[in-house]
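Residues per chain, in single letters:
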Amino acid sequence: MKKTILTFGLLVFALLLLFQMSKYSLIRGDTTIEVIIASVAIVFFIIGIYINKKSLQKKRVLPNEIDHQKIDDLALSKREYEVLREIALGLSNKEIADKLFLSESTIKTHVSNLLVKLNAKRRTQAIQIAKELQIL
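This write-up is about the structure you can find in this document. Here the structure is a predicted model, which means the values were calculated and not measured.

### What to know about the overall build of the protein chain
Argument step 1. Secondary structure assignment for the protein chain yields seven helices and zero strands.
Argument step 2. Helices (α) and strands (β) of the protein chain occur, in sequence order from the N terminus, as α-α-α-α-α-α-α.
Argument step 3. Taken over C-alpha atoms, the radius of gyration comes to 29 Å for the protein chain, far larger than the 14 Å a tight globule of 136 residues would show.
Argument step 4. The principal-axis extents of the C-alpha atoms in the protein chain amount to approximately 85 × 30 × 25 Å.
Argument step 5. Taken across its 136 residues, the protein chain has 24% of its residues classed as buried.
Argument step 6. Across the protein chain, the fraction of contacts at a sequence separation of at least 24, relative to all contacts at a separation of at least 6, is 54%.
Argument step 7. Just so you have it, the protein chain exposes about 10400 Å², and 64% of that area is on carbon and sulfur atoms.

And the structure:
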């Protein structure tokens, strides 16, 4: 954050310096207004390219590999893991039951087992913990 503020501060300072030098050279009569406008445009173009490259070089978050060992360590059954993935998609118990061809009470049982095994109080917290454990 400090680096970004310092970079933009120096950028603003450099632009102000460029404008002052342009004003001075125009008053002195060494250059024409077209040359000054062209130099300012080139500077802004280079700054734009620099900022664009910096923003494109942000670290891209690669999809994490699923840690199957942690799934085994948590003793999640295959069906519980399927339910967890469906919860992560934002489906309700009824929607999960319809999708997996199970009863809604079975899904409720799987969800409660997941909450216990992940030490979570809510479904959203279970998803967050699962992502931290890299099992989603």
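### Regarding the pattern of salt bridges
Argument step 1. Scanning all chains against the criterion turns up four salt bridges.
Argument step 2. Here glutamate 82 ties to arginine 79 by a salt bridge, and the two come within 2.9 Å at their closest N and O atoms. Placement of the pair is glutamate 82 and arginine 79 together in helix 4 (residues 78-88), with a separation of three residues, close to one helical turn.
Argument step 3. The buried category is assigned to glutamate 82, whose relative accessible area is 17%.
Argument step 4. On the basis of relative accessible area, arginine 79 is assigned to the partly exposed category, the value being 31%.
Argument step 5. The closest approach of N and O atoms between lysine 99 and glutamate 86, which form a salt bridge, is 3.0 Å. Note that lysine 99 is positioned in helix 5 (residues 93-100) and glutamate 86 in helix 4, a separation of 13 residues in sequence.
Argument step 6. Overall, glutamate 86 belongs to the buried group, its relative accessible area being 8%.

### As for the packing of helix 1 (residues 2-28) against helix 2 (residues 33-56)
Argument step 1. Following both chains from N to C, one finds helix 1 and helix 2 inclined at 170 degrees, their axes separated by 10 Å at the closest point. By the angle between their axes, helix 1 is roughly antiparallel relative to helix 2. Only Ile33, Ile36, Val40, Val43, Phe44, Ile47 and Ile51 of helix 2 make contact with helix 1, whose side of the interface consists of Phe8, Leu11, Leu15, Leu18, Phe19, Ser22, Ser25 and Leu26.
Argument step 2. Each residue belonging to the contact of helix 1 with helix 2 can be placed in one class, and the counts come to 13 nonpolar, two polar and no charged.

### Comments concerning a nonpolar patch on the surface
Argument step 1. A cluster of nonpolar residues, Val12, Leu16, Phe19 and Phe44, forms a patch on the protein surface that exposes about 370 Å² of accessible area.
Argument step 2. Ranked by the residues each element gives to the nonpolar patch, the list is headed by helix 1, at three residues.
Argument step 3. Here leucine 16 is to be found in helix 1.

### With respect to helix 7 (residues 123-132)
Argument step 1. Along helix 7, the residues that are buried comprise Ala126, Ile127, Ile129 and Ala130. Along the axis of helix 7, the buried positions cluster into a sector of 165 degrees, meaning they face one direction only. Exposed side chains of helix 7 directed beyond 90 degrees from the buried face belong to Thr124, Lys131 and Glu132.
Argument step 2. Buried residues in helix 7 make contact with helix 4 and helix 6 (104-117).

### A word on the side chain of glutamate 86
Argument step 1. Polar contacts involving the side chain of glutamate 86 include one to the side chain of lysine 99, which spans 3.0 Å.
Argument step 2. Discounting residues that sit within four places of it in the chain, glutamate 86 has contacts with Leu91, Ile96 and Lys99.

Rules and cut-offs
- Residues numbered from 1 in each chain as written.
- Predicted model: local features only at pLDDT ≥ 70, side-chain atom pairs only at ≥ 80, totals over all residues.
- Heavy atoms only, no water.
- Helix = DSSP H or I, 4+ residues; strand = E, 2+ residues; numbered from the N terminus.
- Rg over C-alpha atoms; globule rule 2.2 N^0.38 Å.
- Buried < 20%, exposed > 50% of the residue type's maximum accessible area, 1.4 Å probe, protein only.
- Contact = heavy atoms within 4.5 Å.
- Areas by Shrake-Rupley, 256 points an atom, 1.4 Å probe, with all protein chains shown as cover.
- Salt bridge = Lys/Arg side-chain N within 4 Å of Asp/Glu carboxyl O.
- Axes fitted to C-alpha atoms, helices over the stretch in contact; angles between N-to-C directions.
- Parallel < 35°, antiparallel > 145°, perpendicular 65-115°, else oblique.
- Nonpolar A, V, L, I, M, F, W, Y, C, P; charged D, E, K, R; others polar.
- Patch = residues over 30% accessible without salt bridge, like charges linked within 9 Å, V, L, I, M, F, W, Y side chains within 5 Å.
- Arc of directions from axis to C-beta.
- Polar contact = N/O pair within 3.5 Å; in protein donor to acceptor, adjacent residues only side chain to side chain.

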